[in-house]
Amino acid sequence: MSNIRSITVLLVTTWAFIVCFAVWMMFGVTGIPIRDELGLDPFQFGLLTATPVLTGSLFRLPLGIWTDRLGGRVVMFVLLVACAIPVWLSAYATTLWQFLLLGLALGLVGASFSVGTPYVARFFTKERRGFAMGIFGAGTVGAAVNMFVAPALISAYGWQAVPKVYAVALVMTAVLFWLLSAPDPGTGRTTAGSTARQLALLKNPRVWKYCQYYSILFGGFTALSVWMPSYFRSEYGFSIAQAALLAACFSLPGGAFRALGGWLADRFGAHAVTWWVLWAAWICLFLLSYPRHDLVIYTVDDNPLHFSIALPFWFFAGLLFILGVAFASGMASTFKYIGDEFPNSIGTVSGIVGMVGGLGGFLLPIMFGAILETLRFNSSIFMLLYGIVTVSLFLNYLTEVRKLPVMGKRAHEMSDDPAAKQPRE
C-alpha cells in the first residue's frame, strides 16, 4: 500500500469529517436566533442543541459494524449524501418539534467518526496508527469552522442560510470523497457470524472503561462546543459573532491538537497521556467552576471591605483553550488504546466507545439547561463536568496507576483480540 495513497485517503476522509462535524454542531450557533424566535427556556435550548448529538451517537455502533463489513468508502459516501436532505429542510422549520425531528435526522452526520476511524486506521501500520487517527480526529475542528462560518452567514443572510450552505457542502464533499478515496482494504474480511462475536466485546470491562473516558473527553467537548456561544453571550454580554469567536478558543484547539495527542500517545503510551490530560482538565474545570460573586470582609473596626470576584473573559477563554487541548489529547489517547488492544475490531469498539461518548454529548447540554434553570448561575455547568472528571481520575488510578506493572504489558499481550496476541513480524 503506497504512502501517497494512504495520505490521500487520510486527508480526504479528515475533510469529510470536518464538514460533518460543522453540520453536527450547527445548532450551537443557529440555535441562538432560533431560541429568541421561539422564546425557548434554558432546558428547551439544551434539548435543541443536543438532539442532533443523540442520533449521531446511537448510530455510531451500527455504522462502525457496517464499516467493518461493507467498507468505509461506501458508508461514508452514502452518509454524506443522505444527511444533506434533512439539513436543507431544517431551513424551513418553524416550530420546536420540527427542529427536533429534523435534528434527529441530520444528526446522523455525527456517526461519521465511527466510519472514518476504522477506514483510516486500516491504511496505516500499528506504529503510525495513533498519529493517523489523531489527524483524522482533528476533524472535530469542524466545530470551530462552524463558529466562524455560521455567524457570518447569519449576519449577512439570516440563520436560514446556514443549513442551506451546509447541505450543499455535504453534497460537494461526497463527490470529492468518492473521487479521491480508495476501496477499504478491510472490506469483506468479516464473516457472516462475526457480528455476534463483535458485539460480545460489550462484555469486556476495558471497553466500558474507555467509554467512561470518552464520555467526558468527547462528550464534554461536544457539549461545550454547542453551549459556549450561548454562555459567552449570557455571561459577558457579547454579540453572536463575538461569542462564537471566543467559543472557538475551546473548539479550535479541541480539533487541531488531536493530532498532537495521537503523536504523544504513540511516543509515551495511551495511559500516560490519558492520565495527565485528565489532571489538566480537572484543574481547569476547578477554576472555571467559580461563579461570579461578591465577597464582604468585616474588618476589626467594623468597616466592610467589598470584593467582586469574577473571571475576566480573556482569562476564561485562556482556560477554555487549555481545556480544549486536554480534551483533544485525551480523545486521541483513548483511541490509541482501542487501536492497540482491538486491532481487528476497531470499527466495532470505536463504535461502542464513540456511541457512549456521543451520548455524553447529548445528555450534557440537557443537564446544563436543567442545572442552569435550577441554580441560576452559568458556571454551574463546569461544576458538573468537574465531578465527572474526578470520577474518571479515580477510575484511571484504580485500574491502571495502582496496577501499572500489569497494565504496562505490551498491548498485544493484554488484548482479547486473538490477532493482537500474535507477535509482530
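Structural data are supplied above this passage.
The structure displayed is predicted, hence computed values, not measured ones. (Residues numbered from 1 in each chain as written. Predicted model: local features only at pLDDT ≥ 70, side-chain atom pairs only at ≥ 80, totals over all residues. Heavy atoms only, no water.)

(A) Molecular detail of helix α12 (residues 205–236). The terminal C-alpha atoms of α12 lie 43 Å apart, and with 32 residues this matches the ideal 46 Å at 1.5 Å per residue to within 8%. At Trp227, α12 shows its maximal bend, which comes to roughly 45°, and the proline Pro229 appears one to four places after that position. Within α12, 26 of the 32 residues are buried, which leaves it mostly tucked inside the rest of the structure. The opening residue of α12 is Asn204, an N-cap whose side-chain oxygen sits 2.9 Å from the backbone nitrogen of Arg206. (Helix = DSSP H or I, 4+ residues; strand = E, 2+ residues; numbered from the N terminus. Expected span 1.5 Å × (residues − 1). Bend = angle between axes of the 7 residues up to and from the residue. Buried < 20%, exposed > 50% of the residue type's maximum accessible area, 1.4 Å probe, protein only. Polar contact = N/O pair within 3.5 Å; in protein donor to acceptor, adjacent residues only side chain to side chain.)

(B) Quick look at the nonpolar core. Counting 119 residues, the largest nonpolar core has Leu170, Leu224, Met228, Phe232, Leu320, Leu323 and Phe382 as its most contacted members. What Met228 contacts, discounting residues up to four positions off in sequence, is Ala247, Phe316, Leu320, Ile381 and Phe382. (Core = buried A, V, L, I, M, F, W, Y, C linked by side-chain atoms within 4.5 Å. Contact = heavy atoms within 4.5 Å.)

(C) The arrangement of the pairing of strand β1 (residues 293–298) in detail. Bridge count for β1 against strand β2 (residues 304–309) is six bridges, and the pairing is antiparallel. Considered in β2, the bridge of Tyr298 is made with Pro304. Counted between consecutive antiparallel strands, the loop separating β1 from β2 contains five residues, among which Asp302 sits at a positive phi close to 60°. (Pairing = 2+ DSSP bridges.)

(D) Just the packing of aromatic side chains, in detail. A complete count under the given rule lists 38 aromatic pairs for this structure. An aromatic cluster of three or more residues is present, and its members are Phe17, Phe21, Trp24, Phe113, Phe136, Tyr214, Phe218, Phe221, Phe250 and Phe327. Sitting above the plane of the Phe45 ring, Arg35 keeps its charged end 4.8 Å from the centroid. The residue whose ring lies beneath Arg73 is Trp178, and the NZ or CZ to ring-centre distance is 4.0 Å. (Phe/Tyr/Trp six-rings, centres within 6.5 Å; stacked < 30°, edge-to-face > 60°. Lys NZ or Arg CZ within 6 Å of the ring centre and 35° of its normal.)

(E) Main features of the packing of helix α1 (residues 3–24) against helix α8 (residues 126–137). Where α1 contacts α8, the axes come no closer than 8 Å and their chain directions differ by 35°. Where α1 approaches α8, its residues Asn3, Ile7, Leu10, Thr13, Thr14 and Phe17 are matched on the opposing element by Arg128, Ala132, Ile135, Phe136 and Gly137. (Axes fitted to C-alpha atoms, helices over the stretch in contact; angles between N-to-C directions.)

(F) Here's a closer look at the pattern of salt bridges. Under the defined criterion, the tally for this structure stands at four salt bridges. In this structure, the salt-bridge partner of Asp36 is Arg233, at a minimum N-O distance of 3.3 Å. Taken together, the residues span a long stretch of sequence, with Asp36 in helix α2 (residues 27–38) and Arg233 in helix α12 at a distance of 197 residues. One salt bridge in this structure joins Arg122 and Asp184, with 2.9 Å as the shortest N-O distance. Note that Arg122 is positioned in the loop between α7 (112–121) and α8 and Asp184 in the loop between α10 (161–180) and α11 (194–199), a separation of 62 residues in sequence. Using a relative accessible area of 7% as the deciding quantity, one classes Asp184 as buried. One salt-bridge network, held together by shared partners, links Arg35, Asp36 and Arg233. (Salt bridge = Lys/Arg side-chain N within 4 Å of Asp/Glu carboxyl O.)

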